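# Remarks on the overall topology
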Amino acid sequence: MDLSHPCPAEPRLTPAERLCHTTGAVLIASGLVHVVVFAVDGGPWDGPVSWRKPVTFGLSFGLTLMALTWVTSYLRVGTRLRGVLLVVFAADCVLEVAGITLQAWRKVPSHLDMETGFDTAVSLSLAVGGGVLVVLLTAFAVLSFRTRPSGCTGMPLAVRAGFALLLVALASGAAMIARGVALTRGGHQEAAYHSTAALKPLHGVSLHAVLVLPALAWLMSRTAWRDRTKERVMYGAVAAYTLAVLAAGARAAVTY
């Protein structure tokens, strides 16, 4: 059970944190710009070639980068090591969003597209970037469980639960890539583009737990609630979020 103590004052941002927050804001802005592009240019919202991808990936990667920059401040890890990991993570987020956005403007699929040498290079770079993301996020998750995170009442539980559910997102993302690559190599290119649909809800829901749960802990720290009440609310929130992930996982198992 979480130990009860008040939230410490927010420390000043380090240079690495400022860089990551700025990069995250730029990625979010890119996603919003492409909402306007979609409104003007039109076209399908679903499918392997659509403006949906630069919109959703820009918003998602931007939010995730900013969330991870904040949430990892509660991990008991050296400032220099954390800064290096965050900067690499930020660079990888830019690579992913840039590749997806480039292919959207070229009107070709961004993932699993092996039609030309250039398209293959982009797809492979996105796959490698995804592998780097898995390694970095797994490292942060391991750090959160090696030593109890700091923070106010409910925050250590929120951070650990958020990272645990984030691992589900990483596993589902890896499964999508693996199945898509297998279908592509087997000559079923069109099937590969549509093979990821079943796992997308699971991937999306579990990905943002690392932001939602710590944000709830932070909001509760601004209330006059008793520490025991905050703990109960956080345990309830973790249980509810876990059930949502399990429901998405059950749906994926039926349709995958």
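Residue positions are given per chain, counted from 1 along the sequence in the order it is written. Local features in this predicted model are restricted to residues of pLDDT 70 or higher, and side-chain atom pairs are both shown and tallied only at a pLDDT of 80 or more, whereas totals for entire chains, interfaces and linings draw on every residue. Processing note: side-chain calculations cover all non-hydrogen atoms of the structure and skip hydrogens and water entirely.

### What to know about the overall build of the protein
Secondary structure assignment for the protein yields 9 helices and 0 strands. Taken from N to C terminus, the helices and strands of the protein fall in the order α-α-α-α-α-α-α-α-α. Looking at the protein as a whole, 44% of its 256 residues are labelled buried. Working rule for contacts: check all heavy atoms of both residues, and any pair within 4.5 Å makes them a contact. In the protein, 75% of the contacts between residues at least 6 apart in sequence involve partners at least 24 apart. A run of H or I in DSSP becomes a helix once it reaches four residues, and a run of E becomes a strand once it reaches two; helices and strands are each numbered from the N terminus. Three exposure classes are used, based on accessible area relative to the maximum for each residue type with a 1.4 Å probe and protein chains only: buried under 20%, partly exposed in between, and exposed over 50%.

### A look at the environment of Asp-92
One can find Asp-92 in helix 3 (residues 79–105). Residue classification places Asp-92 among the buried positions, given a relative accessible area of 5%. For Asp-92 and Leu-126, which are 34 residues apart along the polypeptide, the C-alpha to C-alpha distance reads 9.1 Å. In contact with Asp-92, other than residues within four places in its own chain, are Gly-129, Val-132 and Leu-133. Counted as a polar contact is a pair of N or O atoms within 3.5 Å, where, for protein atoms, one must be capable of donating a hydrogen and the other of accepting one, and residues adjacent in sequence contribute only when both atoms are in side chains. A polar contact is formed between the side chain of Asp-92 and the backbone nitrogen of Leu-133, at a distance of 3.3 Å.

### Remarks on the packing of helix 2 (residues 52–71) against helix 8 (residues 209–221)
Helix axes use the C-alpha atoms of the stretch in contact, all axes being lines fitted to C-alpha atoms, and the angles between their N-to-C directions lie in the range 0 to 180 degrees. One can describe the packing of helix 2 onto helix 8 by two numbers: an axis separation of 10 Å at closest approach and a directional angle of 50°. By the angle between their axes, helix 2 is oblique relative to helix 8. In the crossing of helix 2 with helix 8, the sense of the turn from one axis to the other is left-handed. Here helix 2 contributes Ala-67, Leu-68, Trp-70 and Val-71 to the contact with helix 8, which in turn contributes Val-210, Leu-211, Pro-214, Ala-215 and Trp-218. Here the residues of the contact of helix 2 with helix 8 sort into 9 nonpolar, no polar and no charged. Each angle is binned into one of four classes, with values under 35 degrees roughly parallel, values over 145 roughly antiparallel, values of 65 to 115 roughly perpendicular, and all other values oblique. Here a crossing is taken to be left-handed if its near helix is turned anticlockwise relative to the far helix by less than a right angle, and right-handed if that turn runs clockwise. Three residue categories are used. Nonpolar comprises Ala, Val, Leu, Ile, Met, Phe, Trp, Tyr, Cys and Pro, charged comprises Asp, Glu, Lys and Arg, and polar comprises the others, including Gly.

### Focus: the environment of Leu-126
Topologically, Leu-126 is positioned in helix 4 (residues 117–146). Spatially, the C-alpha atoms of Leu-126 and Ser-110 are 8.2 Å apart, while their sequence positions differ by 16 residues. Setting aside its immediate chain neighbours within four residues, Leu-126 contacts Leu-95, Glu-96, Gly-99, Ile-100, Ser-110 and His-111.

### Observations concerning the confidence of the model for the protein
On a range of 0 to 100, pLDDT expresses the predictor's confidence in each residue. Per-residue pLDDT for the protein averages 86, and the proportion of residues at 70 or more is 86%. Within the protein, the lowest mean pLDDT, 57, falls on helix 6 (residues 189–194), and the highest, 95, falls on helix 1 (residues 15–41).

### Details of the side chain of His-34
Inspection of the secondary structure assignment puts His-34 in helix 1. Within the structure, the side chain of His-34 is placed 2.8 Å from the backbone oxygen of Ser-30, a separation counted as a polar contact. Engagement of the side chain of His-34 in a polar contact is seen with the side chain of Trp-105, the distance being 2.9 Å. His-34 has contacts with Trp-51, Pro-54, Val-55, Thr-101 and Trp-105, leaving out every residue within four places of it along the chain.

### Observations regarding helix 8
Between its first and last C-alpha, helix 8 extends 18 Å over 13 residues, near the 18 Å set by a 1.5 Å rise per residue. Of the positions making up helix 8, those classed as buried are Ala-209, Val-210, Leu-213, Pro-214, Ala-217 and Met-220. Each buried residue of helix 8 lies within a common arc of 115° when the element is viewed along its axis, so the set occupies one face. Every helix has an expected span of 1.5 Å times one less than the residues it contains. Here the arc refers to the set of directions running from the helix axis out to each C-beta atom.

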